[in-house]
Amino acid sequence: EIALRLDGLAGFFGLVVTGIGAFIAFYTAHYFEHDDRQGFFYLLLYAFMGSMLGLVWSDDLLTLFVFWEGTSITSYLLIAFKSDYKGAVDGARRALIVTTAGGLAMLAGMIVLGLHAGSFNISRIVATPGIATAAVTQEALTLIFLGAFTKSAQFPFQFWLPGAMAAPTPASAYLHSATMVKAGVFLLARLHPAFSELPIWFWTLFLVGGVTMVLGGVSSIRYTDMKALLAYATVAILGTLVMLLAFSEKYAYEAFVVIVAAHALYKAPLFLGAGIIDHAYGTRDLRRLAGLARRAPLVMVTMVLAALS
């Protein structure tokens, strides 16, 4: 059934999706100012935003999966929007294949979990007595983890995210700061109350999230291209969020919510700043951008504040 639920978590993620989305929509008008395909880009952007809102508001596993695949399809079209740009189509195809394959595994896990609980309603599944200790839970969670990890670029599936940076800057800023990569993290947060006490939950999320965090952080300092640096920094933050969800303590969940909000608020301006610099000066190579503060003081202030946050 099409069941929707607007609790604190769904409301919070909905505000992130629409708030950052509105910011991106205004910037898009400037970025595609003289582009004949601006209207088509807006169509894709709002279709993606609608899919994300449906995903975070869904209270039915199968409804959530439909919107989940909606984000995969629309993100593919957004990443490949500049099809003549080097690597755009390859990056979009890689992202689609990885996230869709993970999504199919996740669907199998959702079906196993729903059939055992006797309902696909997420609220009922989470509240089902003994669901955490059921015989099918470990297999179902393993399959759901595959979907969440591929969508949120967790190790060893993190390789698709940097290639997706070939998307136009508004798409990169939206997909990779506030929305698409948060979908897997959101699903884990939604299931967290029911399964956070399980050893498989703790060790899987702690190890995968921890490795992803370290790998993303170390990889980011190897690059001088601003978008590549931001891509791997995003991987590191996503790993941190997954690792926090391994813990059942309340402080870890609160820290998770704070970092999601902070990441969305500072990463979007950083992406847009990189786009403005690329648009104005024809390069994103940090080695060639010395002295830019004098020529673009407003961009400098924005980037510094975002980096400090």
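Our structure's up above, just so we're on the same page.
Scoring rules and cut-offs
- Residues numbered from 1 in each chain as written.
- Predicted model: local features only at pLDDT ≥ 70, side-chain atom pairs only at ≥ 80, totals over all residues.
- Heavy atoms only, no water.
- Axes fitted to C-alpha atoms, helices over the stretch in contact; angles between N-to-C directions.
- Helix = DSSP H or I, 4+ residues; strand = E, 2+ residues; numbered from the N terminus.
- Parallel < 35°, antiparallel > 145°, perpendicular 65-115°, else oblique.
- Left-handed = near helix turned anticlockwise from the far one by under 90°.
- Contact = heavy atoms within 4.5 Å.
- Expected span 1.5 Å × (residues − 1).
- Core = buried A, V, L, I, M, F, W, Y, C linked by side-chain atoms within 4.5 Å.
- Buried < 20%, exposed > 50% of the residue type's maximum accessible area, 1.4 Å probe, protein only.
- Phe/Tyr/Trp six-rings, centres within 6.5 Å; stacked < 30°, edge-to-face > 60°.
- Lys NZ or Arg CZ within 6 Å of the ring centre and 35° of its normal.

Close contact between helix α1 (residues 8-31) and helix α9 (residues 182-195) brings their axes to 11 Å; oriented N to C, the two are set at 165 degrees. Classified by the interaxial angle, the pair formed by α1 and α9 is roughly antiparallel. As α1 packs across α9, the resulting crossing turns out to be right-handed. Across from Leu9, Ala10 and Phe13 in α1, the residues of α9 making contact are Lys182, Phe186, Ala189 and Arg190.

Moving on: helix α4 (residues 88-117). For α4, spanning 30 residues, the distance from its first C-alpha to its last is 42 Å, which sits close to the expected 44 Å at 1.5 Å a residue. Phi for glycine 118, located one or two positions after α4, is positive at around 80 degrees.

Moving on, we get to the nonpolar core. The biggest cluster of nonpolar side chains holds 99 residues, and the ones touching the most others in it are Trp160, Leu161, Leu188, Phe195, Trp201, Leu205 and Phe256. If you tally residues by element for this core, the top one is helix α12 (residues 250-281), at eleven residues. Apart from the residues lying within four places of it in its own chain, the contact partners of leucine 188 are Phe145, Ala148, Phe149, Trp201, Leu205, Val242 and Leu245.

Here serine 75 lies in helix α3 (residues 61-79). C-alpha separation for the pair serine 75 and alanine 95, spaced 20 residues apart in sequence, amounts to 8.6 Å.

Turning to the packing of aromatic side chains, a few remarks are in order. One pass over the structure, following the stated rule, counts 20 aromatic pairs. Residues phenylalanine 145 and tryptophan 201 carry aromatic rings whose centres are separated by 5.7 Å and whose planes lie at 55 degrees to one another, so their mutual orientation is tilted. Pair noted here: phenylalanine 145 is in helix α6 (residues 137-151) and tryptophan 201 is in helix α10 (residues 199-220), with a separation of 56 residues, a long-range link. Taking the relative accessible area as the measure of exposure, tryptophan 201 reaches 0% and is therefore buried. Centre to centre, the rings of phenylalanine 202 and phenylalanine 247 are 5.5 Å apart; their planes meet at 80 degrees, and the pair counts as edge-to-face. Placement of the pair is phenylalanine 202 in helix α10 and phenylalanine 247 in the loop between α11 (226-244) and α12, with a sequence separation of 45 residues. A residue is classified by how much of its surface remains accessible, and phenylalanine 202, at 23% relative accessible area, is partly exposed. For phenylalanine 247, a relative accessible area of 23% translates into the label partly exposed. Among the aromatic side chains, those forming a connected cluster through ring pairs are Tyr27, Tyr31, Phe32, Phe40, Phe41 and Phe81. Sitting over the face of the ring of phenylalanine 81, arginine 37 holds its NZ or CZ atom 4.2 Å from the ring centroid.

Okay, α12 next. An ideal rise of 1.5 Å per residue puts 46 Å on 32 residues; α12 measures up with 46 Å between its terminal C-alpha atoms. Looking one or two residues beyond α12, the residue adopting positive phi is glycine 282, at roughly 75 degrees.

In this chain, phenylalanine 155 is followed by proline 156 through a cis amide linkage whose omega measures 5 degrees. Along the polypeptide, proline 156 turns up in the loop between α6 and α7 (160-163). If you check the backbone angles, alanine 153 has positive phi at about 55 degrees while not being a glycine. Counting through the fold element by element, alanine 153 comes out in the loop between α6 and α7.

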